Amino acid sequence: MSTPSEELKAGRRALDGVRGIELLRDVTWDPGSKRFFLRIRIEIEPVRANAQVPARTDWYVWVDPAYPFGSIKVYPAKRGGIDRTFPHQSRNDARRGAPFRSGDLCLASPLRSSVGARLSPVEPLEPHRRLTWHVRRARTWLEAATRGALLPTGDHYELPAFPGASSSAERPTLVFAEGADDIASFRDVGVAYGLAALAELESSAERRVVVMEWADREGLIFARPRWGRVILEAPKKLLAAWILLPAAPVLPPWQAPATWGELRRAVASHGASLDRLLQPVVTRLRKEGPFLLLVGFPIPARVGEPARELHWQPIEVPSLMPTQTRSRRGKARSFHHGFRDNALGRWQYARQGPLADKRRLAWRSSENWHSDRIGARGRLALEVRSARIVIIGVGALGSHVADLLVRMGVRDLLLIDGDTLAVGNLSRHRLGIDALGEPKASALAEALNLASPHACVRADDRGLPWDEREARKLLEGRDIVLDLTGEDAVLAALGARLMDATRLFVSISIGLSGRRLYFYSARAVAFPFDDFRARLRPWLDDSMGRSTDQDFVWEGAGCWHPLSPTRCDDVSLLGAVATKLLEGAATSRKCFPRLQVFERGDDEMGGFGGLTRVDAPEPRS
């Protein structure tokens, strides 16, 4: 496609007459990138111009051939554009062989700053409006840049774009877990530098190294992130150094340092000395070969607010060991020529060699895996997430409930089940073919520990022990006991054993053909079995009275065992409802014995009619 579509022509025509916009080159096809581009000049009021943003600047606008759909990018021209990096902009470096720089403007996000205040935050899709909307927004962005108003108080805080900080097979991503509470741990250390132990996360397809321990300069551990079982079992392999800065290292307006010299200037702007922080730790690791230096700084959620967490951005430090040289007589020197082989000489060698001002920084990527970040897309109430929970029975319904609990933030979970996974379970269970013949509890625990970096899921493959002492020991200290067996024998056993303290007991079961969900909850020192049976009896009688042989299916030749055909989507749906009811019961201070029943209904066409809470069985006609 080398000819612009009618839609793109309409978008281009709409630019005519737009205030402050001059077209320097009309829509042109670029066969290399397979996109169209325009070259424009944006003019702002001369009184607002400054050394960083002239009154007239040139720009390249790149447009997807699918216009009005697809991406629209606005880059500064290499000649006549801006050469600094501002907030809401990719790092603005010169591109080799290209007439434009890399600093794409972030225009499509619904900014609250003055960028978004004057234009609709909703990007239009009409052909005659979309291209104009981007160009006008770029002009407004420029005007805000001249006033330093791209990150006003109250806007969401934005990290600077660190050059080269991308992950690859050779460049692992650093993973850390820092929340608001962790800032105090570093403040109590008293110094702003130290050592960190890292482990490689082997279960990840992409390479990641995880911070396991934070230590001071002498190696005394003062903080350990609260990781789950999979990460805790990863062997510690790497030693890194860390330094803590007062604020993000940026050069005005919002440019991350690219060299050690720029980093020194950025740190000095906060009243600190990079070399004073570096010298104690890098000399300690100089024999480690290349190592990671973790550069930390506090960041708020919004501009102007107190710090909410520490961010860590790693730099790969090259080897600080000099290549061995020889004297004129051919004798190997013990250290690099011109430097004494003592602490000061070794630091001077590093400072003038690998860490010299002109040397480029090898920034690496990082991710914060704190539970607040992981759960930002939705999690359970703290009363459930912080509870120590045991699930007895991890069949179809139990596996779905356990999976939901872990994915919504529950850390400490014990699974009890004495059964193994059979092929007939595959149609409804969370486990797969690879677990056939495996104990359900152990196999599910292994799968759930991989579902969250914070999950510590353990298993007991014996089922609920009938020995009272063993059962009491197993359940001791558990805040919530979930029964998902629906078996009277298990519930009677729970009722016969008094625990050390009151806790939340819950029994969850599904009725015939998955039409009803029974959710019984009580806070007690033992499961109130008699009360449970009394409340459930009328429902079971009603259900059995309505059932016929058609409600049961034949699974194979042999002795007839009734099998209720509850589909996986019903199990999943009812498991989700049960999890919501569990959250309600756990957050309620007064949880008297209670049975809640939800019933699936049909619409007038015989299809799914939703779930309805019912208080009593309807009389049969």
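As recorded in an unreviewed UniProt entry, the protein chain goes by ThiF family adenylyltransferase and comes from Polyangium mundeleinium.

**Let's talk about the pairing of strand β3 (residues 56-63)**
Counting buried positions over the 8 residues of β3 gives 7, a clear majority of the element. The pairing of strand β2 (residues 35-43) with β3 spans 8 bridges and is antiparallel. By the bridge assignment, Arg-41 is partnered in β3 with Asp-58. Looking at chain direction, β3 and strand β4 (residues 72-76) are connected through 5 bridges and run antiparallel. When the bridges of β4 are listed, Val-63 appears paired with Ile-72.

**A few points about the environment of Glu-43**
Considering the arrangement of structural elements, one finds Glu-43 in strand β2. Between the alpha carbons of Glu-43 and Thr-587 there is a distance of 58 Å; along the sequence they are 544 residues apart. Not counting residues up to four positions away in its chain, the partners in contact with Glu-43 are Gly-20, Ala-55, Arg-56 and Arg-139.

**Section: unusual backbone geometry**
Across residues other than glycine, the phi torsion is negative in most instances, and most of the peptide bonds are trans. In this model, Tyr-67 is joined to Pro-68 through a cis peptide bond whose omega is 15°. Assignment of secondary structure puts Pro-68 in the loop between β3 and β4. Looking along the chain, the bond that leaves Pro-252 and enters Pro-253 is cis, with omega of -5°. Looking at the element boundaries, Pro-253 is found in the loop between β9 (236-244) and α6 (260-268). In this model, Lys-34 sits at a positive phi of 55°, which is unusual for a non-glycine residue. Inspection of the secondary structure assignment puts Lys-34 in the loop between β1 (21-30) and β2. When its relative accessible area of 56% is taken as the criterion, Lys-34 is described as exposed. A positive phi angle, close to 55°, is found at His-88, a residue other than glycine.

**A closer look at the side chain of Ser-399**
Mapped onto the elements, Ser-399 comes out in helix α11 (residues 396-407). Of the residues examined, Ser-399 reaches a relative accessible area of 0% and is grouped as buried. In this structure the side chain of Ser-399 is engaged in a polar contact, spanning 2.8 Å, whose partner is the backbone oxygen of Ala-396. If sequence neighbours within four positions are ignored, Ser-399 has contacts with Val-394, His-429, Arg-430 and Leu-444.

**Digging into the pattern of salt bridges**
By the definition in use, this model includes 40 salt bridges. For the salt bridge of Arg-48 with Glu-143, the shortest nitrogen-to-oxygen distance reads 3.3 Å. Here Arg-48 is found in the loop between β2 and β3, whereas its partner Glu-143 is found in helix α3 (residues 127-147), with 95 residues between them in sequence. Since its relative accessible area comes to 32%, Arg-48 is described here as partly exposed. Look at Glu-143 and you get buried, because its relative accessible area is 2%. Here Arg-567 ties to Asp-569 by a salt bridge, and the two come within 2.5 Å at their closest N and O atoms.

Calculation criteria
Residues numbered from 1 in each chain as written. Predicted model: local features only at pLDDT ≥ 70, side-chain atom pairs only at ≥ 80, totals over all residues. Heavy atoms only, no water. Buried < 20%, exposed > 50% of the residue type's maximum accessible area, 1.4 Å probe, protein only. Helix = DSSP H or I, 4+ residues; strand = E, 2+ residues; numbered from the N terminus. Pairing = 2+ DSSP bridges. Contact = heavy atoms within 4.5 Å. Polar contact = N/O pair within 3.5 Å; in protein donor to acceptor, adjacent residues only side chain to side chain. Salt bridge = Lys/Arg side-chain N within 4 Å of Asp/Glu carboxyl O.

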